[in-house]
Amino acid sequence: MNASTLCEQGALRLVDIVELKWLLAAEGLHVHVERLQSDPGYARECLLAAEQSRNPAVRRVAGKLRARLDSCGP
């Protein structure tokens with residue numbers, strides 16, 4: 001059996017990214033999905049903004065994505 005890491009499987013699931021994109025759009029923040037998937041620095045900036053949201057749903061999704069992103073290292 002081939003074991004693959006979370007990073008190899010795609011740490012950030014598209015469904016979670018799209019959910020974050022629309023939740024942040026409601027707050028006036030635009031998220032570029034492809035860039036978030038390929039640019040860890042941009043992803044961290046987006047997640048920081050989401051983690052500071054007053055909306056608990058935004059913070060929940062950001063926390064889920066942050067955990068996956070952080071598991072892949074810097």
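Placed above this text is the structure.
The sections below set out a description of the structure shown in this document. Only a predicted model underlies this, so the values are computations on that prediction, with no experimental measurement involved. (Residues numbered from 1 in each chain as written. Predicted model: local features only at pLDDT ≥ 70, side-chain atom pairs only at ≥ 80, totals over all residues. Heavy atoms only, no water.)

Focus on the nonpolar core
- Judged by nonpolar contacts, the single largest core of 16 residues is most densely connected at Leu-20, Leu-24, Val-31, Leu-36, Leu-47, Ala-50 and Leu-65.
- Looking at this core, the elements that each hand over two or more residues are helix H2 (14-25), helix H3 (33-38), helix H4 (40-51) and helix H5 (56-70). (Core = buried A, V, L, I, M, F, W, Y, C linked by side-chain atoms within 4.5 Å. Buried < 20%, exposed > 50% of the residue type's maximum accessible area, 1.4 Å probe, protein only. Helix = DSSP H or I, 4+ residues; strand = E, 2+ residues; numbered from the N terminus.)

As for the environment of Val-61
- Of note, Val-61 is situated in helix H5.
- Note on Val-61: relative accessible area 0%, which makes it buried.
- Residues Val-61 and Leu-23 lie 38 residues apart in sequence; the distance between their C-alpha atoms is 9.1 Å.
- When residues no more than four places from it in sequence are discounted, the contact partners of Val-61 are Asp-16, Glu-19, Leu-20 and Leu-23. (Contact = heavy atoms within 4.5 Å.)

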